[in-house]
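# Coordinate inspection notes
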Amino acid sequence: MHAFIESLHSFFAATPTVLLVIGLLLVALLLGYFSSPLFLWGAVSLIVLLGLHAPFWSLAVVVAIVLVFSVPPLRQALMTSWIMKIMKGVMPTISETERTALDAGVVWMEAELFSGRPSFKKLMTQPHPKLSPEEKAFLDGPVEELCKMVDEWAVFKTRDIPEAAYRFVKEKGFLGMIIPKEYGGLGFSAYAHSEVVMKVSTRSVPTAITVMVPNSLGPAELLIHYGTDAQKKYWLPRLARGEEIPCFGLTEPQAGSDAGSIVSEGVLVKGDDGEIYVRLTWRKRWITLAAISSVIGLAFRLRDPDNLLGRGTDLGITCGLVPAKTPGVVLGRRHDPLCIPFYNCPTEGHNVLVKAKDTIIGGLEGAGQGWKMLMECLAAGRGISLPAQSVAGIKTAARVTSAHATIRKQFGVSISKFEGVEEPLARIGASAYFVEAMRLYTLSALDQGVKPPVVTAMTKYLTTEMSRKTVTDGMDVLGGAGISMGPRNALAIPYIGSPIAITVEGANILTRTLMIFGQGALRAHPFAYKEVNAVEHGDLKGFDAAFWGHIGHITRNKCRSILLSLTRARFATRGYGGPVGRHFQKLAWSSASFAILADLAMGLLGGKLKFKEKITGRFADIMCWMYVGTAVLHKWEAEGRQKDDLPFVHYSMATVFSEIQKAFDGILSNFDVPIIGWFFRRPLLFWSRLNSLASPPKDKTGHQVVAAMLNNSAVRDRLTYGMFTPTDANEAIGRLDRAYDIIKKSEATDHKIRRAVHEKRIAKMKGQALIDEALAKGVITAEEKANLQKAEEARWDAIQVDDFSDPEFHSHSVSGKSAASTGPDVARTYGK
C-alpha cells in the first residue's frame, strides 16, 4: 500500500497541472457517461486525494459522504427529509383533471427518447403492422368499391354524399370497424382501421369523415371499454349494422381544447316509480354527424343534490347515451366547416329526462368516471383517424405533383427540371416517407394494446401540420392548375379542408404547447412523476428512491451530453449500422442533450415552466422530431432496407436533426433565468450553433429524392401505397397517371431529338416540323414518332383545367368542360 501511495505521489507530481485537470475531468465524464456506482466515484476521489498528499480529514470526509449516500436510512434522515420539505413548496400543483389525463394510457417508446440513453434494440424491434387476410380483402373489396361510388367534386358541389354510398357504408360494416365480432362488428386492428380511413380519404374527405367518426371517440369506443353488459348487447350490434348513427357531444361554446371546463349538466333525481333519473341540459357545438344521429354520446357534469348514490353532491364529468328522439333534444342545424360537406353541427338539450342506469355509460358505477374514459379513449383515437387522413393528403400531393411536374412543360422542358420546383417536390416526397413512418410506428403500439397518450398526441400534431404544409407545397407546384376548381383538380379540396384536422381532437397550438411536453415531462421522464406522487403522499422512502435516482440520471445525461457534443457522437453506437449508422449516433446525441436540458428547465423554472408555453412548445418539437427520426429508421429496417429509399431516409433525417437544432437554439436563446440564464443565452447558444446537429437537407439529397420519385415507378408506387388510384383516364388522378406513364416511355425519343439538334444533325425547329425532320433524317422511327405524338396528346389533355358557363358556375351542377375537348395542337406544344 505504501509503495502504491508513493507511486501516486510521483505520478501527480510529474504530470503537468493542465494535463492533470483535463485527465480528471475526462475520468469524471466517463464515470458519469457509464452511470458508475457511487462507490466507484468514492474510490477515484480517494485515489486523487492520496496522490495530492491530501490530509487525513479530507479522506474521512469522502468516506463519510459515500457512507451517507450509500445507506438509505442515513440518507433519508440526514438529507432526503429536508429536501422533500423544500420540494413540497416549489413543485407545480397538479389538478384532478390533469392527474386523470396523466394517468390515462401508458408510456411507450417516448420514454426511451426521454431517458437520454435510448435502447436502439428496443426502439427498432417493435413489430411492423400487418393486415390479416380478412382485412386486406376488405380493403381490396368493399373499400375499393366505395371509392368508386363517390366523386369528390360531385360531393363538393352537391354538398352531400350519394345516398347509395351511404347505404353501402352501413351495409358493409364500415361503421363497426372497431366493434368486436361477437357484437356483429368487423373487429379490425388499429392498422386496418387506419388503412381504411386513409384510402377513403384519398378519394373523398367527407366520406372518410363519415366513416371514421363512429369508429373514433364516441358511443361504440366508450361502450366497448366501459359499458355494462346490457348496454353492450343493446347498442353495439345496432351500431355495427348501421341501424344507429352515433355522434359524440364534447365541445361547447366555452369548452373547446379545455374540454374539462364543460358546463353541460346532468342532475340526478328520483322518479315516482322509485328509479333514479338524470335530467340533462346541454349546448354543444362542432359535433360531427349530430344532425343525422340517432343516438348522442354526451359528456356532462353530474350533480347529485340529494346524494342518491351516496358519493357526494358533485360527481364530476360523466359520459352518457341519449336517444336523439328523446323529448327536449334539439338537432337539425349545421355548421359549415370550410365548405367541406360533412355533417358538423350544434346540438342542444333542454330538461331531457332519462333513466340514469341506462344512460350513464357503465351504469350508476360509471357516474363521475367520464373524464377518465375520455382521456383513455383519446389516447388511442388520436393515433388513428386524423393521422390516416393527413397521410392521405400527403400521398395525394406526392402522386399528383410528381405526375404534373413531369407532364407540365415551360420553356421547352418539364417543370420538374427547374430547381425552384424541385425544392417543394423534395419536401413533398420526404414528407410522404417520414409521415407515413410516424403513422405506422404509432399503429405498432396501438396494435400491441398500448395506448400512449403522449405518442398519439405527437402523431396527431405533426401529421396534421405536415399535411397542411405538404398540400400547400403541392398547390405551389400545380400553380394555375391548383387554383382552378373542378373535377380535374385533385388537390384543391384537400387544401381547403386541411385546417380542419389541425383544429379538432385538441387544437394543435395547445397540443404542442401544453400536452406533448407538459404530459411527457412527467409521464415519459423516468423519475419526475414518481417524485411528484411521493411528495403529495408524504412517501419519504419513495421520494428518496426517485430523487436520488433523478440526481444520478442528471449526472449521467450531463456527462453523456458533453462527451457526445465534444466528439459529435462519432464514438456513440451506430445502432443497426449500414448507411444509416450516423443517424443513430445523432439520435443518441439529441436524446442526451434533450434529457439534460429538460431536467435543467424543470429544475430551474419549477412550476413556472408550465406557463412558459413557448419554451415547452420547443421541447415538444424536439420530442416530436426525435420520434419521427426513430420511426424513419424503424421503417427503413422493417421494410428490408430498400436501397432506392435511401434518399428519402437521408432527407428525412436531415429534416429531423435540423428541426431539433432549431428548437434547441430557440430554447437556449430564450432561457430567462436570473444569473444562470446568461450562460444559456451566450456560451451555450454559441457552442450549439458552432457545433450544430445538422443543417437543413442538402440540395443534392433533394435532387436524389425527386429523381427517385419521378423516374422510378416502383418508388413512386411505394411512396403512395394505400391510395385509391383510379385507372379511368377520365378521372383526375387516372388522367395524370396515364399521361405520366406515356410521357415517361417517350422521354428517350425526346432526348434523341434534342441531342440531334445539339449535334446539328438536324436543324432547330419547333413543333411538328421538328418531329417530321427527325423522322426524315433517321433520328427516330415511325413508331417512335407515333408514341411521341401520343405523349403530346396525353400531355395536352392532362394540363387542361375546368371552366364553366355562367349558369353552371352558379348552380350545383357538377358538369364543366376544358380545352381538352378541342384536341391538342402539337405544333404549339412540342418543343416549347
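Computed from a prediction, not measured in an experiment: that's the story for all the values here.

About the thresholds
Counting restarts for each chain: residues are numbered from 1 in the order of the written sequence. Selection of residues for local features in this predicted model requires a pLDDT of at least 70, selection of side-chain atom pairs for listing and counting requires 80 or more, and totals for whole chains, interfaces and linings are taken over all residues. Excluding hydrogens and water, the side-chain figures rest on all heavy atoms present in the structure. The helix count covers DSSP runs of H or I at least four residues long, the strand count covers runs of E at least two residues long, and both are numbered beginning at the N terminus. Here the term buried applies to any residue with accessible area under 20% of the maximum for its type, exposed to any over 50%, and partly exposed to those in between, with areas from a 1.4 Å probe on protein chains only. Throughout, a contact is declared for two residues whenever any of their heavy atoms are within 4.5 Å. Here, expected helix span is obtained from the residue count minus one, scaled by 1.5 Å. What we call the bend at a residue is the angle made by axes fitted to the seven residues finishing there and the seven residues starting there. The criterion for strand pairing is that DSSP finds at least two bridges linking the strands in question. Note on definitions: angles span 0 to 180 degrees between N-to-C directions of axes, and those axes are lines fitted to C-alpha atoms, for helices only across the stretch in contact. Crossings are sorted by hand: turned counterclockwise from the far helix by less than a right angle, the near helix makes the crossing left-handed, and turned clockwise it makes it right-handed. Classes in brief: Ala, Val, Leu, Ile, Met, Phe, Trp, Tyr, Cys and Pro nonpolar; Asp, Glu, Lys and Arg charged; the others, Gly included, polar. Each Phe, Tyr or Trp ring (for Trp, its six-membered ring) is paired with any other whose centre lies within 6.5 Å, and the angle between the two planes then decides the class: stacked below 30 degrees, edge-to-face above 60, tilted in between.

What the chain contains, in helices and strands, is 36 helices and nine strands. Burial statistics for the chain: of 832 residues in total, 55% are counted as buried. In the chain, the share of contacts with a sequence separation of at least 24, taken over all contacts with a separation of at least 6, comes to 75%.

Our next topic: helix α32 (residues 732-758). In this model α32 runs 36 Å from its N-terminal to its C-terminal C-alpha over 27 residues, within 8% of the 39 Å that 1.5 Å per residue would give. At Ser746, α32 shows its strongest bend, of approximately 40°. In the segment just after α32, Lys760 is the residue with positive phi, at about 65°.

The next thing to look at is the pairing of strand β2 (residues 265-270). Where β2 lies against strand β3 (residues 276-288), six bridges are found, and the strand directions are antiparallel. Its bridge partner lying in β3, Glu265 is registered against Thr281. Between β2 and the antiparallel strand that follows it, β3, lie five residues; Gly274 among them carries a positive phi value of about 85°. Relative to strand β4 (residues 295-303), β2 runs parallel, the two being bridged by three bridges. Across the sheet, the residue bridging to Glu265 is Arg301, located in β4.

Moving on, we get to unusual backbone geometry. We note that Asn351 has phi near 50°; this positive angle belongs to a residue other than glycine. Phi angles above zero are rare outside glycine, and Ala569 is one such case at about 60°. Mapped onto the elements, Ala569 comes out in the loop between α25 (540-567) and α26 (581-605). Under the relative-accessibility criterion, Ala569 is labelled buried at 0%.

What follows covers the packing of helix α14 (residues 219-226) against helix α15 (residues 229-240). Running from N to C, α14 and α15 cross one another at 145°; their axes reach a closest spacing of 10 Å. For the element pair α14 and α15, the recorded crossing hand is left-handed. Here α14 contributes Pro219, Ala220, Leu223 and Ile224 to the contact with α15, which in turn contributes Gln231, Lys232, Trp235, Leu236 and Leu239. Taken together, the residues of the contact of α14 with α15 break down into seven nonpolar, one polar and one charged.

Per the stated rule, a full pass over the model turns up 22 aromatic pairs. For the pair Phe138 and Phe174, a centre-to-centre distance of 4.9 Å together with 50° between the ring planes defines the contact as tilted. Here Phe174 lies in the loop between α11 (163-171) and α12 (190-201) and Phe138 lies in helix α9 (residues 133-149), a separation of 36 residues in the sequence. Consider the rings of Phe543 and Phe547, whose centres lie 5.5 Å apart with planes at 20°: the pair is stacked. With Phe543 and Phe547 both in helix α25 and four residues apart, this pair spans about one turn of that helix.

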